[in-house]
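# An overview of the molecular structure
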Amino acid sequence: VSRRQNRLAEARKYLEEAVQHQQAVLAKDPRHLTYELWLAMHYQQLAETLTQLREWEAAIEIHKQQIAFYHARATNYDKRQHWNNLAASYQRLALIYEQVGREREAAQAYGAAAAWFEKLVAEERAYKDTNQSLVAIYGNHAMLLARCADPQLRDSGRALELAHKALKLGPEDP
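These numbers come from a predicted model, not from an experiment. (Residues numbered from 1 in each chain as written. Predicted model: local features only at pLDDT ≥ 70, side-chain atom pairs only at ≥ 80, totals over all residues. Heavy atoms only, no water.)

## What to know about the nonpolar core
Core analysis: the biggest nonpolar cluster contains 49 residues, and Phe69, Leu86, Tyr90 and Trp116 have the highest contact counts within it. Put simply, the parts of the chain that give this core at least two residues each are α1 (3–28), α2 (33–52), α3 (56–77), α4 (80–99), α5 (103–122), α6 (130–147) and α7 (156–169). Among the elements that make up this core, the one with the highest residue count is α5 (10 residues). Once residues lying within four places of it in the same chain are set aside, the contact partners of Trp116 are His71, Ala74, Trp83, Leu86, Ala87 and Tyr90. (Core = buried A, V, L, I, M, F, W, Y, C linked by side-chain atoms within 4.5 Å. Buried < 20%, exposed > 50% of the residue type's maximum accessible area, 1.4 Å probe, protein only. Helix = DSSP H or I, 4+ residues; strand = E, 2+ residues; numbered from the N terminus. Contact = heavy atoms within 4.5 Å.)

## Side note on the packing of aromatic side chains
Applying the stated rule across the entire model yields three aromatic pairs. Ring-pair connections join several aromatic residues into one group, and the members of that group are Tyr43, Phe69 and Tyr70. Lying over the aromatic face of Trp83, Lys119 brings its terminal NZ or CZ to 4.3 Å of the ring centre. (Phe/Tyr/Trp six-rings, centres within 6.5 Å; stacked < 30°, edge-to-face > 60°. Lys NZ or Arg CZ within 6 Å of the ring centre and 35° of its normal.)

## Concerning a positive patch on the surface
There is a patch of like positive charges on the surface, built from Arg3, Arg4, Arg7 and Arg54. Among the structural elements, Arg4 can be located in helix α1. (Patch = residues over 30% accessible without salt bridge, like charges linked within 9 Å, V, L, I, M, F, W, Y side chains within 5 Å. Areas by Shrake-Rupley, 256 points an atom, 1.4 Å probe, with all protein chains shown as cover. Salt bridge = Lys/Arg side-chain N within 4 Å of Asp/Glu carboxyl O. Lys, Arg positive; Asp, Glu negative; His and termini not counted. Charge placed at Lys NZ, Arg CZ, Asp CG, Glu CD.)

## Focus on the confidence of the model for the protein
Residues shown with low pLDDT carry predicted positions that ought not to be read at fine detail. Chain-level statistics for the protein give a pLDDT mean of 85 and a share of 96% at 70 or above. α2 is the least confidently modelled element of the protein, averaging 82 in pLDDT, while α7 averages 91, the highest of any element. (pLDDT = per-residue confidence, 0-100.)

## Focus on a nonpolar patch on the surface
Together, Leu33, Leu37, Trp38 and Met41 make up a nonpolar patch on the protein surface, roughly 380 Å² of accessible area in all. Note on placement: Leu37 falls in helix α2. Leu37 gets classed as partly exposed once you look at its relative accessible area, which sits at 45%.

## Here's the deal with the packing of α2 against α3
Relative orientation of the contacting elements α2 and α3 amounts to 155°, with a least axis distance of 8 Å. It follows from the interaxial angle that α2 and α3 lie roughly antiparallel. Every pair of crossing elements has a handedness; the one defined by α2 and α3 is left-handed. The segment α2 lies against α3, with Glu36, Leu39, Ala40, Tyr43, Gln44, Leu46, Ala47, Leu50 and Thr51 engaging Trp56, Ala58, Ala59, Ile62, His63, Gln65, Gln66, Phe69, Tyr70, Arg73 and Tyr77. Per-class residue counts for the contact of α2 with α3 are 13 nonpolar, five polar and two charged. (Axes fitted to C-alpha atoms, helices over the stretch in contact; angles between N-to-C directions. Parallel < 35°, antiparallel > 145°, perpendicular 65-115°, else oblique. Left-handed = near helix turned anticlockwise from the far one by under 90°. Nonpolar A, V, L, I, M, F, W, Y, C, P; charged D, E, K, R; others polar.)

Okay, structure coming up:
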């Protein structure tokens with residue numbers, strides 16, 4: 001086992017403990033802002049570490065926990081940062097699903113990511129990079145639908161529609 005693998009394994013252990021501690025604090029006081037921020041950061045770091053370790057199923061589970069966390073915050077506190085983080089979490093989950101060949105789940109996650117980013121745009125609460133995120137999601141989702149091995153999921157018409165949406169938002173970066 002390489003030195004890098006050992007460091008990643010140590011980081012994973014630390015991050016898992018941090019996530020558990022922060023979840024416990026937030027269970028007692030859901031509005032504790034500091035722990036909310038730390039938990040969000042540690043979810044992301046843990047998911048990235050698991051991805052680097054190629055522990056795909058564990059990374060998927062962390063992303064699902066992260067999505068549940070942001071979904072609760074987005075619906076309960078109505079803050080655009082939670083909507084943005086929720087959309088970005090769905091986007092990362094879609095990429096992992098696609099990487100491990102779970103195309104149907106990837107398509108669903110891309111759809112959810114787009115819906116949350118579109119909500120930000122529709123309510124004029126978007127961040128300056130929201131359109132870039134939408135362009136990436138539309139493009140990735142279009143490619144998935146266009147070249148999907150599963151004929152039931154492959155949908156060239158929807159792929160073309162998403163590609164056109166991407167071009168409308170960012171013609172310089174299709």
